[in-house]
Amino acid sequence: QVQLVESGGDLVQAGGSLRLSCAASESIISLNVMGWYRQAPGKQRELVAIISSGGSTNYAASVKGRFTISKDNAKNTVYLQMNNLKPEDTAVYYCHAVKVVGGIRNYWGQGTQVTVSS
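Reading guide: rules and limits
- Residues numbered from 1 in each chain as written.
- Predicted model: local features only at pLDDT ≥ 70, side-chain atom pairs only at ≥ 80, totals over all residues.
- Heavy atoms only, no water.
- Helix = DSSP H or I, 4+ residues; strand = E, 2+ residues; numbered from the N terminus.
- Rg over C-alpha atoms; globule rule 2.2 N^0.38 Å.
- Buried < 20%, exposed > 50% of the residue type's maximum accessible area, 1.4 Å probe, protein only.
- Contact = heavy atoms within 4.5 Å.
- Areas by Shrake-Rupley, 256 points an atom, 1.4 Å probe, with all protein chains shown as cover.
- Lys, Arg positive; Asp, Glu negative; His and termini not counted.
- Charge placed at Lys NZ, Arg CZ, Asp CG, Glu CD.
- Pairing = 2+ DSSP bridges.
- Axes fitted to C-alpha atoms, helices over the stretch in contact; angles between N-to-C directions.
- Core = buried A, V, L, I, M, F, W, Y, C linked by side-chain atoms within 4.5 Å.
- Salt bridge = Lys/Arg side-chain N within 4 Å of Asp/Glu carboxyl O.

**Student:** Explanation requested: the overall build of the protein chain in the structure shown.
**Tutor:** A tally of regular secondary structure across the protein chain gives zero helices and 11 strands. Scanning the protein chain from its N terminus toward the C terminus, one meets helices and strands in the order β-β-β-β-β-β-β-β-β-β-β. A compact globule built from 118 residues would reach a C-alpha radius of gyration of about 13 Å, and the protein chain, at 14 Å, matches this within 12%. Structurally, the protein chain occupies a C-alpha span of about 45 × 25 × 25 Å along its principal axes. In the protein chain, which comprises 118 residues, the share counted as buried stands at 42%. In the protein chain, of all internal contacts separated by at least 6 residues, the share reaching a separation of at least 24 is 53%. Of the accessible surface of the protein chain, which amounts to about 6,100 Å², a share of 47% is contributed by carbon and sulfur atoms. Of the charged side chains in the protein chain, 11 are positive and 7 negative, and the gap between their average positions amounts to 5 Å.

**Student:** What is the right way to read the pairing of strand S7 (residues 67–72) from this model?
**Tutor:** For a regular strand, side-chain orientation follows a simple rule: the groups alternate between the two sheet faces. Pairing analysis gives six bridges linking S7 to strand S8 (residues 77–82), with the strands arranged antiparallel. By the bridge assignment for S8, Phe67 is matched with Met82. Linking S7 back to S8 in an antiparallel pair, the connection comprises four residues, with Asn76 at a positive phi of about 55 degrees.

**Student:** Help me understand unusual backbone geometry in this model?
**Tutor:** As a rule of thumb, non-glycine residues mostly have phi less than zero, and peptide bonds are mostly trans rather than cis. With phi around 55 degrees, Asn76 is a residue other than glycine that occupies positive phi space. Turning to its location among the elements, Asn76 is positioned in the loop between S7 and S8.

**Student:** What is the right way to read the sheet that holds S7 from this model?
**Tutor:** By way of backbone hydrogen bonds, the strands of a sheet pair with one another, either parallel or antiparallel. With respect to topology, four strands assemble into an open sheet ordered S1-S3-S8-S7, the strand pairing being antiparallel. Edge positions in the sheet fall to strand S1 (4–7) and S7, since each of these pairs with one other strand and no more. Across this sheet, the average inter-strand angle for adjacent strands is 15 degrees, counted without regard to direction. Of the pairings in the sheet, the one linking S1 to strand S3 (residues 18–24) comprises four bridges and is antiparallel in character. When the sheet's bridge partners are listed, Leu4 is paired in S3 with Ala24.

**Student:** Even after reading the chapter, I still don't get the environment of Gly8, so can you show me in this structure?
**Tutor:** For Gly8, the location among the structural elements is in the loop between S1 and strand S2 (11–13). By relative accessible area, Gly8 is classed as partly exposed at 35%. For the pair formed by Gly8 and Met82, sequence separation is 74 residues and the distance between their alpha carbons is 11 Å. Those residues in contact with Gly8 that sit more than four places away from it in its chain are Leu18, Arg19, Leu20 and Thr112.

**Student:** Whenever I open this one, the nonpolar core confuses me. Can you help?
**Tutor:** Among soluble globular proteins, nonpolar side chains are generally buried collectively. Ranked by size, the top nonpolar core spans 31 residues in total, and within it Leu4, Met34, Trp36, Leu80, Met82 and Tyr93 carry the most contacts. Sorting the residues of this core by element identifies S3, strand S4 (33–39), strand S5 (46–52), S7, S8, strand S9 (91–100) and strand S11 (112–117) as the ones contributing at least two each.

**Student:** Which parts of the structure should I look at to understand the pattern of salt bridges?
**Tutor:** Oppositely charged side chains can form a pair if their charged atoms are brought close together. Overall, the coordinates contain four salt bridges when judged by the stated rule. Between Lys99 and Glu26 there is a salt bridge, with its nearest N and O atoms 2.7 Å apart. Placement of Lys99 in strand S9 and of Glu26 in the loop between S3 and S4 is noted, with a sequence separation of 73 residues between them. Overall, the relative accessible area of 17% leaves Lys99 in the buried class. If you follow the salt bridges from partner to partner, you end up with Arg38, Glu46, Arg66 and Asp89 in one network.

Here you go:
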């Protein structure tokens, strides 16, 4: 069982920046894909950004050019650098991991709140 713990959520003004962190309980080298999702009130959870074990990244169109996903294998941590934040970025951000071992296993963190004021 992989434990994921997010941190870094906060209240920030529009145009500001935040960096979210997701610490994993085991080596992230063993995790095939890690990523960030978000869920705003009354909306479905949506993909924000993902990074593969090889370092390939993909972003939602709404955050491309503003957000950057990265990872530090030595620290077993994935980051989401968020710049030029907008009120519509307000949501609970969840860390997600996929591990393919005799099947596909999905793991989620507990979420961290990001609030962007206008």
